[in-house]
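# Descriptive analysis of the structure
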Amino acid sequence: MSSLAERMVPDQLLFYCRPGFEADVAAEVAANVERLGWQGRAEFIDQSGFVNLVVDDERPANELHRQLAFERLIFARQSLVALPSLQLERDDRLSPILKQVVESGWSFDSIWHETPDTNEGKALAGLIKALTRPLESALRKRGALRRKGGGRRLHLFWMDGDLVQLGMSFPGNRSELPGGIRRLRFPAAAPSRSTLKLEEAWHEFIPREEWDVRLSEGMQAADLGAAPGGWTWQLVARGMHVYAIDNGPMKGDLMATGMVEHLREDGFVWEPPYRLDWLVCDIVDKPARVTAMVQRWLIRRWCREAIFNLKLPMKRRWEEVQRCLALLEEGLEDAGVRATLRCRHLYHDREEVTVHVRLLD
């Protein structure tokens, strides 16, 4: 390995995202960088599926990475400390990669090859498969790939067959999913593909070991804007009794379970007869209006936990999310309601984000 004096110091952070949301990642990261008192500039290409933050600061980029907690980011699927991208020669792709790893002084205990979530990225699968074993062997010989690397992971982000960027991730401050994507199988019995949004939200916001307590049989839930029943189906599958609020029709199989009471009412004005365990909502409406409705539920303690989607405008999505979350937090604080709140742009979301709130008392 190289000496400290010779080492290449990473000066970038690399974020993966859904193609088309690069400007939103850049705006969110820039706001956080400014809040933390750092200097940096975001660089991206529309529809590329990733954003680079070049750190213009005397402090090392890995220090900013530690402060920029991944779990608090909304639009980023993955967060890495990164080196400058490498332009490769097709007759020798490995040598420049090995050279940059050695010069960085990095050591790690696993290697992930990843691509942008685009058709062009998926087409690189064959090349990546051919390079994986030779690269691992060469990195072991150089002492970079170790059995105990402190949980650090080397990411090779392939933007093209001759263009790659090396990044490093650290336990507790990264996605543990390849590409930051949680792929779920669509249940054939579910009424609509929207069912996957609620299932993914549970994986994202609720530790798996707590599912049997917080998503347990016999709980009471409300699904606002329920028809045709994609989210209600998930609740019933967990053994919950559901008030399905929607003027539209529900799928017959769901009603046959005896677990659903379908009320043809307006979800914005309906009130539960008693306190419920869960509120879920996938209503298509202005995000501020949905936020105000959920805030009323939480302030009146009509539920213990809530998961809801905010449908976003085509432009300035980060600003709209920030505004809605600030209004929700301020309203809860003014009412003396203690709660935890998280928001993510999930893989199964489209032009929307998913918010989870859990009351603490």
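Fair warning: this is a prediction, and the values are worked out from it, not measured in the lab. (Residues numbered from 1 in each chain as written. Predicted model: local features only at pLDDT ≥ 70, side-chain atom pairs only at ≥ 80, totals over all residues. Heavy atoms only, no water.)

The next subject is helix α3 (residues 94-104). For α3, the complete set of buried residues consists of Leu94, Ile97, Leu98, Gln100, Val101 and Ser104. An end-on view of α3 places all buried positions within 165° of arc, on one side of the element. Taken together, the buried residues of α3 touch β5 (86-87), α5 (125-141), β7 (153-160) and β8 (163-169). Once α3 ends, the next one or two residues include glycine 105, with phi positive near 75°. (Buried < 20%, exposed > 50% of the residue type's maximum accessible area, 1.4 Å probe, protein only. Helix = DSSP H or I, 4+ residues; strand = E, 2+ residues; numbered from the N terminus. Arc of directions from axis to C-beta. Contact = heavy atoms within 4.5 Å.)

Once that is clear, we can look at the UniProt feature "active site" (unreviewed entry) in the protein chain. Under the present numbering, the feature "active site" (unreviewed entry) in UniProt falls on Lys311. Assignment of secondary structure puts lysine 311 in strand β13 (residues 303-311). Of the residues examined, lysine 311 reaches a relative accessible area of 16% and is grouped as buried. Residues within four places of lysine 311 in sequence aside, it is in contact with Lys197, Asp282, Ile283, Val284, Asp285, Pro287, Glu351 and Glu352. Within the local environment of lysine 311, its side chain forms a polar contact with the side chain of aspartate 282, the two groups lying 2.7 Å apart. (UniProt positions renumbered as here; feature names shortened; annotations may be inferred. Polar contact = N/O pair within 3.5 Å; in protein donor to acceptor, adjacent residues only side chain to side chain.)

Structurally, histidine 155 is set in strand β7. Of note is the side chain of histidine 155, whose polar atom sits 2.8 Å from the side chain of glutamate 114. Residues within four places of histidine 155 in sequence aside, it is in contact with Tyr16, Gln78, Leu80, Trp112, Glu114, Gln165, Leu166, Gly167, Met168 and Ser169.

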